[in-house]
Amino acid sequence: MSEIFPKWTNRLPGLVLVGGALASTAALAGVWYYFTPKYTRVGYQPVQPVGFSHAIHVDQLGMDCRYCHNGVEKSWFSNIPAASTCMNCHNQVLAQDPKLELVRQSYFTGEPIPWVQVHKTPDYVYFNHAVHVNRGVSCVHCHGQVNKMEEVSHAKPLSMGFCLECHRNPAAYLRDPKDVYNLDWKPADPVAHEAAMLQVVHDWRVRSSENCSACHR
Amino acid sequence: MSKSIPPASPEPDLGVRYWRGLDDRSGSPEFQALVEREFPAGASELTDPASRRDFVKLMGASLALAGFGLTGCRRPEEVLQPFGRQPEGYTHGVPQYYATAMPSRTGAVPLVAKQHDGRPIKVEGNDQVPGFGGGTDLFAQASILDLYDPDRARRHTRGGNAVPVVQVQDFLSQAGREAAAKKGAGLAILTDHAASPTRERLLGLIQQRMPEAKVYAYEPVDFDIHRRAASLATGRAVGPNVRLERARAILSLDADFLGTENDGGPMTRGFARTRKVSSGHDPMSRLYVVEPLLTLTGSSADHRLRLASGQVLLLAAAIARELLPDGEVKSALAALPAPAGVDARWITECAADLSAHRGRAVVLAGIRQPLAVHLIAHALNASLDGFGKTVTLIEAPAPAVGSLADLAKGLDAGQVETLVILHGNPVLTAPADLDWARAQRKARTVVRLGFYEDETTEVCDWHLAAAHYLESWGDARASDGTVLAVQPLIAPLFGGLTEAEVLARLAGETATRPHEVIRATFFTATGGQSEDAWEKFLYLGYLADSAAKPVSDAVIDATAVSREIAVAPKPVVPGKDSLDLVFTRDAKIDDGRHVNNTWLQELPDPVTKLTWDNALLVSRRTATELGLVNSELVRLQANGREMTAPVWVVPGMADHTLAISLGYGRTKPGRGASFKGTSAGFNAYPLRMSATPSLVSGAKVTGTGETFRLAVTQSHWAMAGRPIVREANLEQFKAKPDFARNFDLDAHVGHIPHDANGRPKRVYQHAWEERPDELKSDIHQWGMVVDLGGCTGCGACVMACQAENNIPVVGKDQVLRGREMHWLRIDRYFTGMAEGVRNPLVADENQWKEDWIDDPQVVNQPMMCQHCENAPCESVCPVNATVHDAEGLNLMAYNRCIGTRYCANNCAWKVRRFNFFDYNKRPIDYAHIKDGMRGNLYKGPLAKRDAADQELVRMAKNPDVSVRMRGVMEKCTFCTQRIEGAKIAQKVKAGASGDVQVRDGAVKTACQQACPAEAIVFGNLLDPGSRVSQLKKQSRNYEVLGFLDNRARVTYLARIRNPNPKMPDFREFPLSIEDYQRLYHSNPFGAHGAGHAAGDGHAAPAGAAAKGGH
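Keep in mind that this is a model prediction, so the values were computed, not measured. (Residues numbered from 1 in each chain as written. Chains lettered and ligands numbered in written order. Predicted model: local features only at pLDDT ≥ 70, side-chain atom pairs only at ≥ 80, totals over all residues. Heavy atoms only, no water.)

A separate point is the overall build of chain A. When helices and strands are counted, chain A shows 10 helices and 1 strand. Counted from the first residue to the last, chain A has its helices and strands arranged as α-α-α-α-α-α-β-α-α-α-α. Its C-alpha atoms give chain A a radius of gyration of 25 Å, more than 25% over the compact-globule value 17 Å for 217 residues. By its C-alpha atoms, chain A is 90 × 50 × 35 Å across when sized along the principal axes. Here chain A holds 217 residues, and 39% of them are scored as buried. Intrachain contacts of chain A at a sequence separation of at least 6 include 69% that bridge at least 24 residues. Put simply, chain A shows about 12,800 Å² of open surface, and 63% of that area lies on carbon and sulfur atoms. (Helix = DSSP H or I, 4+ residues; strand = E, 2+ residues; numbered from the N terminus. Rg over C-alpha atoms; globule rule 2.2 N^0.38 Å. Buried < 20%, exposed > 50% of the residue type's maximum accessible area, 1.4 Å probe, protein only. Contact = heavy atoms within 4.5 Å. Areas by Shrake-Rupley, 256 points an atom, 1.4 Å probe, with all protein chains shown as cover.)

Written out as structure tokens, the structure is:
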């Protein structure tokens, strides 16, 4: 019989046990790290059909976010501007630039420019831009410093945990509504700012909901 | 699988009290099973061991096939496509609202339609239109689905082949020119009934330019009789406009004004306003109903007399003899005999009551009654001083049109070359004796504008696809004559044509675009060219001050009335071998026009609770005498023709009367109303003749012994044996305003421990009470009140909920399994006079055959998630998928739900619904699948729904609400999307301030907004001024199953009945209270404990003490 099962097979169950434990730990760790929004989303930077630079338009030229994203204060959705918005300036500025060919085409034919979506919440999440920007939450918290980006990339995970972080402690993230679109603004003294904002939370009756109904309907 | 029954709750399951259907009464095992379990047999378990094993195998295989690639981890790349040029005033994501109207036969429902990114998805009543307080009927709510119906006519055809729209337009213009050249000789236009100024103008133009052209109108359900009767009765061109809110005594002569009559919405609102009393001293109306079938109106009656259809004339005459002054009419009435089998006191006392309410009384006659009944009603209204008060006569010129019979004659005589049919479906709906399909073929060219390619299409040369009203420019006149705008929210999806364009081309107009045509009518009517006036008309949806002029000096033309009484058909008393057959407008599919609307098909009929079919309705006695049982297929012979239909016993039907609704059993149904080519329901049109459109005498019925399975929801989700619906007569309400809190264990709060504040101590300590600052919002706490006094059970709320919340249709097969998905249902309860019952505690097999069920009282109760503060569903959910939010909503997080269904099992109100299948993705089985066969749903991914169809149906979905997938539980959310929307709007407005509380009225649930009776009120309980807070303070307010200490946020206002003590059928208490007193030995109107029999447990019913009492 010993011919069939050599001596080393005695150790086999132990090896299988240890190996299994190691493999499953590795798998768990792998999923834990690689499958989270922090890994899968942050840094996502698709190539856009038109090389639009936020850095030039916002940082250098000082345009306001709302010149293009004019729906942000009214709608749940922050719109991508129509080609006609671009053409307000670009019928004069760089009017013949080949890089803007697609924009001109869209403007004259009505054919939309296929911008690749970067930030997206799942269908069962009903995020609303209007209520956040009107109540002192800046773009920068979720989108990062877009004003410094040549090409837009996904800066924050936008996972449920990410949302809840702020909803659980809104004071740390609120600011004066006039600074909402100033993506460079930083509190001089974060601790003092948070303390001041606690009063604002009280005065504005901020009840950043942690209930499912806040986002899921 | 065995099932352990939990210990009984305080109330045992008792015999009499409310019952929901005849199965319930007979205590059949099937019904018992439905009561005991959350889901009917087979619904909640996978019992077949083989299929379970197969399932595991398949799952394993598919996992292996899917492999371990991580391709699915990244989201698919999606593109955002902005406009080339930004349209003005459009913000993506913000819905837009437009005023429009849904045309009906004699009026229109003024609407505000909601458009989301170009798709109309919901309509609401336009409460700005004077005389309409908002609210809609169920047809308006369901009309959204018609727009996206995959089976609607999607092409224009000539000889069955598709033709482009330009060819159709050329043809129409050409036909117009040719007809004009011949002065219209040979041109005939057949229309349905509609009140449209543009139609009148264009038909007038055609008749003016082509004097030889003929116009005809036909409607199988003819509401024009009201205008004809009023005109005949007064000798003036007038129509009636009934103002029920002014009435205090109402007599309905077979007039189902709350249900199948025209203008159901405004009538319901007017009536409900007189029924929602806040104290016993408020004025309240009293409703007398005489009718052959049980209708919604009869369900709301204080005194109801079931009487064969023909006898209604005699009863009307008898009442008129009491009330009319001596004269020509009275002497004409003398010739009519007294109605058979009616207590004379019923007539005299009813007449006396009407007379006592002079100026506030109204008599209404229904469309199924002959003209003589209508004329008597007008004579009565005149003599009761109702003209100008409860009935306003308004100018209504008679349309210069011929009848369908005239047209048939013309066709037979070969006088019609070109026949243009606008809407309607005459091949299906024409009286059988006209043999319409044959007559229609006699025309050389038949052109037809229709919404479906249906029966009539087959006999047409040209079929033009009609545009939906939400795709059309048009106009309409409301019932009071106010001109309403019909404006499109979307371009015709399939290039459909509007009636305005078709008529304009025929008339030879140069401006034929519908927009121009409607504008032309508007400017003609207003006598100007003011662009501002036009814009305002579209903005408001109505033309101010355009209501028809009231005619105040009309008097009854006694000669005309007497003449009509003299020629009235002689009523025949129906008997066992010579039955009356009554044809009715279907409460859901109308005359057949909505047959393909699956929302309406699945809506339980308000009275019978039938879905997906019609049936031959009979009374208990008739069924017993003829030896018929429920659901038995019978052969019905009438007018020399024959049809087959299943019988369904309805309590409250007149004996020897059969009733069947029209429009089912189609030869060319859409997919929504058929299964493998077999249409839903049974076609009654072939039995209907010109002379007898509503009533046929001498019908015969023979049983076949075969059974047809009808999907009736009346026994689904039952709550047996508890005082769920509470009611009182007005006198008792006066004496004891808080009677509603004196039922059941609610009456015993004195005996249970109280807390320091003197409130009953909670059975469970709620987490809220431990940490209120953290868990309870101090800004909003939502609640709802449903006024059972106002609710008539019409079903508009159910349709509104379905449209708002993306509720799927499940099909007849699934309904039979008890899986309908409606979040909001209307429970219809019957109560009977139970002194004839031998043993009220035993529901024996034969009870449904006993006569005490014949004259039931009916109560309707909308039932939805009660949003308990202490929700039993939440405590049993293993995954926290159903949880409470800070504002008092019981939430469903669909993504967490794993489908254990524990929550549904633990819900005492049975309001939770489970998605057994992907109803949105799979083809639905619209018919019953025979045992042993598997429907499409069971094939899973192998049965695919047509992708293009699905795309179309998807457009009707509300983007603010998740579409649920298979395997998750769902239920009423209090329209959380609307609440969040209102809160966000208020916060955006508040900005950097604390003004975040939503104003009262800024958020309305879908059911509330649709309710024509204004019986549902929703709002913030923390706002003491809100309507809901006010209503909750009313003494009628009570909680259903309050003894469970669940603290439901939905409460009900008890119903008050207003019977006349002098009537022979007067009972001191509502029948449900009689039962309550008999069974519980307790009187909710006495002081606590009064009437408790010695030795009984408190309020424990006799015989129940042995089972444990409470």
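Attention shifts here to a nonpolar patch on the surface. Residues and elements named next belong to chain A. Residues Val31, Tyr33, Tyr34, Phe35 and Tyr39 make up a contiguous nonpolar surface patch of about 520 Å² in total accessible area. Examining the composition of the nonpolar patch, we find that 3 residues originate from one element, helix H1 (residues 12-34), more than from any other. Tracing the chain through its elements places Phe35 in the loop between H1 and helix H2 (37-40). On the basis of relative accessible area, Phe35 is assigned to the partly exposed category, the value being 40%. (Patch = residues over 30% accessible without salt bridge, like charges linked within 9 Å, V, L, I, M, F, W, Y side chains within 5 Å. Salt bridge = Lys/Arg side-chain N within 4 Å of Asp/Glu carboxyl O.)

All names here are of chain B. Relative to the elements of secondary structure, Gln857 occurs in strand S33 (residues 857-863). When its relative accessible area of 17% is taken as the criterion, Gln857 is described as buried. Residue contacts for Gln857: discarding those within four places in its chain leaves Glu727, Tyr829, Phe830, Thr831, Arg1057, Pro1070 and Leu1071. Within the structure, Gln857 has its side chain in polar contact with the side chain of Arg1057 (distance 3.5 Å). (Polar contact = N/O pair within 3.5 Å; in protein donor to acceptor, adjacent residues only side chain to side chain.)

Before going further, it helps to spend a moment on the side chain of Asp854(B). All names here are of chain B. Note on placement: Asp854 falls in the loop between strand S32 (825-831) and S33. The exposure class assigned to Asp854 is buried, which follows from its relative accessible area of 8%. One polar contact links Asp854 to Arg620, side chain to side chain, over a distance of 2.6 Å. Each residue touching Asp854, except ones within four places of it in the same chain, is listed here: Arg306, Arg620, Pro651 and Gly652.

Let's shift gears to the packing of helix H4 (residues 138-147) of chain B against helix H26 (residues 796-804) of chain B. Residue and element names in this part refer to chain B. Taken N-terminus to C-terminus, the directions of H4 and H26 make an angle of 25 degrees; their axes are 8 Å apart at the nearest point. Our classification of the angle between H4 and H26 gives roughly parallel. Between H4 and H26 the crossing geometry is left-handed. For the pair H4 and H26, contact is made by Leu138, Gln141 and Ala142 and by Ala796, Met799, Ala800 and Ala803, respectively. Among the residues forming the contact of H4 with H26, the class breakdown is 6 nonpolar, 1 polar and no charged. (Axes fitted to C-alpha atoms, helices over the stretch in contact; angles between N-to-C directions. Parallel < 35°, antiparallel > 145°, perpendicular 65-115°, else oblique. Left-handed = near helix turned anticlockwise from the far one by under 90°. Nonpolar A, V, L, I, M, F, W, Y, C, P; charged D, E, K, R; others polar.)

On to the nonpolar core, then. Within the largest apolar cluster, 156 residues are counted, with the highest numbers of intra-cluster contacts made by Leu244(B), Ile250(B), Phe257(B), Phe739(B), Met784(B), Phe974(B) and Tyr1052(B). Here the element with the most residues in this core is H4(B); it accounts for 7 residues. (Core = buried A, V, L, I, M, F, W, Y, C linked by side-chain atoms within 4.5 Å.)

It is worth spelling out the interface of chain B and chain A at this point. Taken together, the contact pairs 45 residues of chain B with 46 residues of chain A. Joining chain B to chain A, the criterion identifies 2 salt bridges. A salt bridge links Lys120(A) to Glu78(B), with the nearest nitrogen and oxygen atoms 3.8 Å apart. Examining the composition of the side of chain B that touches chain A, we find that 7 residues originate from one element, helix H31 (residues 976-990) of chain B, more than from any other. Taken together, the residues of the side of chain B that touches chain A sort by class into 20 nonpolar, 14 polar and 11 charged. Strand direction decides the pairing type here: strand S1 (residues 115-116) of chain A and strand S1 (residues 79-80) of chain B, joined by 2 bridges, are antiparallel. For Trp115(A), the partnering residue across the bridge sits in S1(B) and is Leu80(B). (Pairing = 2+ DSSP bridges.)

What follows concerns the pattern of salt bridges. Residues and elements named next belong to chain B. In total, this model carries 73 salt bridges over all chains according to the counting rule given. Arg635 is paired through a salt bridge with Glu642; the nearest N and O atoms lie 3.9 Å apart. Judged by relative accessible area, Arg635 falls into the partly exposed class, the value being 36%. The exposure class of Glu642 is partly exposed, given its relative accessible area of 45%.

For the rest of this paragraph, the subject is the pairing of strand S28 (residues 695-707) of chain B. All names here are of chain B. Alignment of strand S20 (residues 579-584) against S28, held across 3 bridges, turns out to be antiparallel. Following the sheet pairing, Val582 is matched in S28 by Leu695. Across 5 bridges, strand S23 (residues 632-638) lies against S28 in antiparallel orientation. By the bridge assignment for S28, Glu632 is matched with Thr707.

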